[in-house]
Structure formats: structure tokens, C-alpha cells
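In case you want the letters, here they are:
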Amino acid sequence: HVEIDSSTMAQLTFLSNEKKVTIFTIIQAIWGILLGKYNETDDIVFAVVVSIRPPEIDGIEHSLGLYINTIPVRLRDFNEFSFDELIVDIQAKVLLSWRHQHFPLYEILKSTALREKLFDHLLIFENYPIAGSGTHDQQESDFQVSEIDISERTNYDLVVEVSPGSRLRFTLGY
């Protein structure tokens, strides 16, 4: 577990508001730069988990439950951008891809030469309110989730979970 202090979180929130991007967009940019530095490349792919309720799924309006999907994110040539330009570019691409986020991961992987080697880890942004967890402050929402027990298994080498709130918490599972 790694936690970002409230002062840094406030700065990230300010940047997010100023550039009209999400905190997760900023995290994706930072993660991409970090991966690029360690792998000595400016063309990287990682996966993010998205929560979706797409109208393209027949009967979705009559369904209950969680609909999630894993989608690849590719960042390339990011060394040619300032950080501000990079986060605005990522946000624009996220908005453009919104209507395709329900596309099955296995179909995406089938369409690439790398197949299941396209990425080896997940980046997850946990943005549901959990009372007393530090994830979201109590006053942010009247809706609270409590007494939750999460047990997850994955076949990826690394899972990076990001939980926002007054502080930003990173949980790395490998």
C-alpha cells in the first residue's frame, strides 16, 4: 500500500479541475510515463477496468448488477507532449472511446498480433463510496456503501488499485 498525502491530493484535484480531466486521467498519464521510463519506450499499453451500462446491450435497462470490462489503453509519443497536453489528450481519447467500452476484451486481443501479451497488468480506479475507508469523504455523497467484503482473483501479474478520497491510496497486488 502507498498513500499520497492530502496536500498532494488537493494539488491533483486542482489540476484535474483546471484542465477539466478526471483524477484517473492524471493517474493514467503518470502511470504511462513511469512505465515508459522503466521500459525505455514511449509506446506502452496497460489495461484499465471500466464500469459500463451500455445501451447497446439488449435489455440492459431491465438488468441489475455490475457490468465491468477490461480495456487496453495505449499511450505513445507521450514524450512529445507537456504533461498538461498529455492529460488533455488522454481525456479526449477516453471520451471518444466511451461508446466502445463494452467491446469484449477477447475480441480486442484476437485482433492484435500480441494477443494475450498485449498487456500484463491492470490499473483500477475504485471510485465507489465506502463509509470509513477514506475512499470519498462522508460529505461528498448521501449514498454510502458499507460492510463490503471484496475478494478478487486475476490472471494478471500486477494489479494496481487506486482509491481516491482526501488522500489517494495505491494498492499493488502481484
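Check the entry above for the structure.
Residues numbered from 1 in each chain as written. Predicted model: local features only at pLDDT ≥ 70, side-chain atom pairs only at ≥ 80, totals over all residues. Heavy atoms only, no water.

### Here we look at the overall build of the protein
Helix and strand counts for the protein come out as four helices and six strands. Ordered by position in the sequence, the α and β elements of the protein form the string β-α-α-β-β-α-α-β-β-β. Looking at the protein residue by residue over its 174 residues, the buried ones come to 33%. For the protein, the accessible surface area stands at approximately 11,600 Å², while carbon and sulfur atoms represent 53% of it. (Helix = DSSP H or I, 4+ residues; strand = E, 2+ residues; numbered from the N terminus. Buried < 20%, exposed > 50% of the residue type's maximum accessible area, 1.4 Å probe, protein only. Areas by Shrake-Rupley, 256 points an atom, 1.4 Å probe, with all protein chains shown as cover.)

### What about the sheet that holds strand β6 (residues 168–173)?
In space, the six strands of this open sheet follow the order β1-β6-β5-β4-β2-β3, with mixed pairing throughout. The sheet terminates laterally at β1 (2–4) and β3 (68–76), the two strands that pair on one side only. Geometrically, the sheet is characterised by an average inter-axis angle of 25° between neighbouring strands, direction not taken into account. Two elements, strand β2 (residues 43–51) and strand β4 (residues 121–125), share two bridges in a ladder whose sense is parallel. Across the sheet, residue Val48 finds its bridge partner in β4, namely Leu123. (Pairing = 2+ DSSP bridges. Axes fitted to C-alpha atoms, helices over the stretch in contact; angles between N-to-C directions.)

### Notes on the pattern of salt bridges
By the definition in use, this model includes six salt bridges. The shortest N-O distance in the salt bridge between Arg167 and Glu3 comes to 3.6 Å. With Arg167 in the loop between β5 (158–163) and β6 and Glu3 in strand β1, the pair connects residues that are 164 residues apart, well separated along the chain. One salt bridge connects Asp43 with Arg74, and the closest N-O pair in it is separated by 2.6 Å. With Asp43 in strand β2 and Arg74 in strand β3, this pair connects stretches of sequence that are 31 residues apart. Under the relative-accessibility criterion, Arg74 is labelled partly exposed at 44%. In the salt-bridge network here, residues are joined through shared partners; they are Glu3, Arg167 and Arg169. (Salt bridge = Lys/Arg side-chain N within 4 Å of Asp/Glu carboxyl O.)

### Some points on the environment of His102
Here His102 shows up in the loop between α3 (83–97) and α4 (105–110). His102 has contacts with Ile52, Pro54, Glu56 and Asn69, leaving out every residue within four places of it along the chain. Within the local environment of His102, its side chain forms a polar contact with the backbone oxygen of Arg99, the two atoms lying 3.4 Å apart. (Contact = heavy atoms within 4.5 Å. Polar contact = N/O pair within 3.5 Å; in protein donor to acceptor, adjacent residues only side chain to side chain.)

### Focus: the pairing of β4
In terms of residue burial, β4 counts as a mostly covered element, since five of its five residues are buried. In this sheet, β5 lies alongside β4 in parallel orientation, the contact comprising five bridges. Residue pairing in the sheet places Leu122 in a bridge with Val159 of β5.

### Let's talk about the packing of helix α2 (residues 23–39) against α3
Between α2 and α3, the least distance of the axes is 9 Å, while the angle of their chain directions is 115°. Here α2 runs over α3; the crossing is right-handed. Counting all contacts with α2, which are made through Thr25, Ile26, Gln28, Ala29, Ile30 and Ile33, the residues of α3 involved are Phe83, Leu86, Ile87, Ile90 and Gln91. Looking at side-chain class alone, the contact of α2 with α3 contains eight nonpolar, three polar and no charged residues. (Left-handed = near helix turned anticlockwise from the far one by under 90°. Nonpolar A, V, L, I, M, F, W, Y, C, P; charged D, E, K, R; others polar.)

### Focus: the nonpolar core
Counting residues in each nonpolar core, the largest one holds 29 residues, and the members touching the most others are Ile27, Phe46, Val48, Leu75, Leu123, Val162 and Leu168. Elements represented by at least two residues in this core include exactly α1 (6–19), α2, β2, β3, α3, β4, β5 and β6. Sort the elements by how many residues they give to this core and α2 lands first, with seven residues. The residues contacting Leu75, other than those within four sequence positions of it, are Gln28, Gly32, Asp42, Asp43, Ile44, Phe46 and Ile90. (Core = buried A, V, L, I, M, F, W, Y, C linked by side-chain atoms within 4.5 Å.)

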